[in-house]
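Survey of secondary and tertiary structure
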Amino acid sequence: MSEFKGSNNYVVSEELMRSVNIAIALQKPLLIKGEPGTGKTMLAQAIQEALGKELIIWNIKSTTKAQDGLYVYDTVQRLYDSQFGNEGVDDIGKYIKLGKLGEAFDQDKQVILLIDEIDKADLEFPNDLLWELDKMEFYIPETQQTVKAKIRPIVIITSNAEKELPDAFLRRCIFHYISFPDKEMMEEIVKVHFDNLDEKLLEQVLETFYAIRNIKEVHKKPSTSEVIDWIQALEIAGIDPEKIYKEVPFAGVLLKKTEDLAIVEKAKEKKFQVTRW
Amino acid sequence: MFTDFFYLLRKRGIKVSLNEWMMLIEAMDKGLCRSSLTEFYYLSRAILIKSEADFDKYDLIFSEFFKGIESIKELPQDLRDWLNDIQPQQEYDKEEVDRRNKDMTLEKIQKMMEERLEEQKERHDGGSYWIGTGGTSVFGNSGYNPTGIRVEGEGGSRRALKVAGERNFRDFREDRTLNERQFQLAFRRLRQFTTRQDGPKDTLDLEQTIQQTCNNGGNLKIVLERPRINSVKLLVLFDSGGSMWPYTTMCNSLFQAVSKSNHFKDLKVYYFHNCFYESLYTDPGCSYSNTIETEWVLKNLDEEYKVIVVGDASMEISELTYPGGANFYNHPNERPGIEWIERFKAKYDKMIWMNPISEQNWDSGYGYQTIQLIKRIVPMYHLTVKGLEEGLKNLLVRK
């Protein structure tokens, strides 16, 4: 049995590793929830690297329908062809194209299927996939074929919790919540991205970063990817680490909203003292 | 023994299904919890709990259920080293061991284990009495015993009860008050699609068009259908009176969430001061230059509007029940506030009151008299994720 132990450029907590391995062992989809920027999507890539399997990504958008993941019957093309009397119009199979889910089922080797941001789709979307994810098969009425997974793929599903997922769907998943990394974890994550980073700089950066995250009024809290961009900016500009906490240079990298910048500006003057009512 | 855990979870409000429970049993069968309570904690959480909002509840139930079990002391380091250095299994008489142990219970084993921990000063392997490896005593690592417990081995770095006791997930509890994002999420539930029966047919039905065209010998035949759109109309009334100031941040986020929800067919927001009377305000500052007649609102917004009132419903009893009770000297109200509330409720069947004051203070805390009066007219909910969800559900049900 393959076991996941993290990869070189993805720092994984022990708890997450456990959940991944439970899901692999039980052959159930793993549902990952968490704040944006906690590395949900990265996880699938890390598993792919660690286990050396192919990764199939199905990005969900608000318009995505469950059917799209299974197969698409290109009726329009068939209509065109029929008008010109092209060859093979009788063969419906020619116009059936497998979607990402179908593709994952159709592989000879075990693959990893990432269903990314499932909550973006319509409320009913997960319900439409219950049978397919349970049995790992589906039926194409047009060609009277059944597509069945030869080896059940490892299914990773991510959600930003924009919509509540239906209970029936949840019951079939292994659930893991990625909490926002604490300071030590963040230090490790940053170190994966930067070789020989100045300790002093890192300490100052993280202190400032968590101070900003602690300000209640900030609407869009900076996340991991922003802190990494920020460190890059600070390094390139060669900012003196002493100044980081006091002046918060390049705050625009961390905060994307003007009102947030103003709030941090104010908090900075008060040295990030937490204000209460 | 675990079945009780299942029922305890259900009794405490975590709706674990039989399927999930069977999944957990299967997982344990496969040895995924490695005979360690810590692993079991994570395993059962991953399988049974499907929302971080329930993690805290789970922690509490877990500590409640397993608190007796982890009375075994932390093992001394050298004993753990011996145990992890596994010696080969000694020959043993299976029947003899089975006979010797058939009456063992977990409590007995625990007691014996504690005794041994006191006595044992050195390494023992392959025997039937001490804690060791490769033997047949009731405790140890990698030995044979039908009822025994494994000591050490894989897992067990953070003790499960300690983890559960830390209650790291308290912040996610659903009954806590909410932030803007959670409000927004809650409001997404508030949608009611137009049925396929009403509205104009103005969207092209591609599948059917092609089908019909084909049936028509290739001559184009267009089929139209009715689009499905959200038909919810919402009227929100905010209290911005003095007693609401402790909840300013929360109401502000609720307001942001409402105004960002752009999926309503129509959205109207008005403000009032403690209770609503002849006029409603169009800005949160409640200045008299920006008012609108309540009568106008009642006349112009049809009864399909769903009404959410956000306010603490706490005021002087006179403000609610006496004409002229409003505290604005220049604008005495002719009708008491309660009459306005009744009129609203009479017109808008779907009306709820969200109260930031927590439910346990509704019968006794500040303003309980007016809360009780209003609650009798309008269904009242506590302004939390759970409360808002329940309230919104109330707005959606057909009566």
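Quick note: structure is the one above.
What this report covers is the structure whose coordinates are included nearby.

Rules of the game
Residues numbered from 1 in each chain as written. Chains lettered and ligands numbered in written order. Predicted model: local features only at pLDDT ≥ 70, side-chain atom pairs only at ≥ 80, totals over all residues. Heavy atoms only, no water. Pairing = 2+ DSSP bridges. Helix = DSSP H or I, 4+ residues; strand = E, 2+ residues; numbered from the N terminus. Axes fitted to C-alpha atoms, helices over the stretch in contact; angles between N-to-C directions. Contact = heavy atoms within 4.5 Å. Salt bridge = Lys/Arg side-chain N within 4 Å of Asp/Glu carboxyl O. Buried < 20%, exposed > 50% of the residue type's maximum accessible area, 1.4 Å probe, protein only. Buried area = accessible area lost by both parts, 1.4 Å probe. Polar contact = N/O pair within 3.5 Å; in protein donor to acceptor, adjacent residues only side chain to side chain. Arc of directions from axis to C-beta. Expected span 1.5 Å × (residues − 1). Phe/Tyr/Trp six-rings, centres within 6.5 Å; stacked < 30°, edge-to-face > 60°. Lys NZ or Arg CZ within 6 Å of the ring centre and 35° of its normal.

Right, let's get into the sheet that holds strand E8 (residues 154-159) of chain A. All names here are of chain A. Sheet architecture is open: five strands sit in the order E2-E5-E8-E1-E9, paired in parallel fashion. With one partner strand each, in any of the chains shown, strand E2 (54-59) and strand E9 (174-178) form the two edges of the open sheet. Between one strand axis and the next, the sheet turns by 20 degrees as a mean value, whatever way the strands run. In terms of strand pairing, strand E1 (residues 30-34) meets E8 through four bridges, oriented parallel. Looking at the pairing, Ile-32 lines up with Thr-158 of E8. Strand contacts of helix H1 (residues 14-26): E1, E8 and E9, with the helix running at about 165 degrees to E9, the strand carrying the most contacts.

Where charged atoms of side chains with opposite charge meet at close range, the side chains can pair. All names here are of chain A. Under the definition given, this model contains 20 salt bridges over all chains. The partner of Lys-256 in a salt bridge is Glu-226, with the nearest N and O atoms 3.2 Å apart. Residue Lys-256 is found in the loop between helix H13 (251-254) and helix H14 (258-269), and its partner Glu-226 is found in helix H11 (residues 224-237); the two are separated by 30 residues along the sequence. What makes Glu-226 buried here is its relative accessible area of 7%.

A separate point is unusual backbone geometry. Residues and elements named next belong to chain A. A positive phi angle, near 55 degrees, is found at Met-136, a position not held by glycine. Positionally, Met-136 belongs in the loop between helix H7 (130-135) and strand E6 (137-140). Of note, Val-248 is a non-glycine position whose phi angle comes to about 45 degrees, a positive value. Considering the arrangement of structural elements, one finds Val-248 in the loop between helix H12 (241-247) and H13. The buried category is assigned to Val-248, whose relative accessible area is 5%.

Residues and elements named next belong to chain A. Mapped onto the fold, Ile-154 is located in strand E8. The spatial distance from the C-alpha of Ile-154 to the C-alpha of Lys-28 is 7.6 Å, given a sequence separation of 126 residues. If we skip the residues at most four places from it in the chain, Ile-154 touches Ile-24, Leu-51, Lys-53, Gln-110, Val-111, Ile-112 and Leu-113.

Let us look at the interface of chain A and chain B. Between chain A and chain B, the residue contacts involve 31 residues of the former and 39 residues of the latter. Of the roughly 3100 Å² buried where chain A meets chain B, counting both sides, 57% is carbon and sulfur surface. The tally of links from chain A across to chain B stands at three salt bridges. Residues Glu-15 of chain A and Arg-45 of chain B are paired through a salt bridge, measuring 3.6 Å at the closest nitrogen-oxygen approach. The tally of links between chain A and chain B comes to seven residue pairs in polar contact (both at pLDDT 80 or more).

All names here are of chain B. Those residues of helix H15 (residues 368-377) that fall on the buried side of the exposure criterion are Thr-370, Ile-371, Ile-374 and Ile-377. End-on view of H15: buried residues confined to an arc of 120 degrees, all on one side of the axis. For H15, the secondary structure elements touched by its buried residues are helix H13 (317-321), helix H14 (337-347), strand E11 (351-355) and strand E12 (380-382).

With that out of the way, let us pick up helix H4 (residues 55-66) of chain B. End to end, H4 of chain B covers 16 Å across 12 residues, agreeing with the expected 16 Å (1.5 Å per residue, within 8%). Inspection of H4 of chain B places Phe-55, Asp-56, Tyr-58, Asp-59, Ile-61, Phe-62 and Phe-66 of chain B among the buried residues, and these make up the whole buried set.

As a further point, take the packing of aromatic side chains. Residues and elements named next belong to chain B. Across all of its chains, the model carries 27 aromatic pairs over all chains by this definition. With 5.8 Å between their ring centres and 45 degrees between their planes, Tyr-58 and Phe-62 make a pair best called tilted. With Tyr-58 and Phe-62 both in helix H4 and four residues apart, the pair spans about one turn of that helix. Both residues of the pair, Tyr-58 and Phe-62, belong to the buried class. When the ring centre of Phe-55 is taken as origin, the NZ or CZ atom of Arg-45, which lies over that ring, is 4.2 Å away. Here the basic side chain of Arg-335 rests over the ring of Trp-340, its NZ or CZ set 5.2 Å away from the ring centre.

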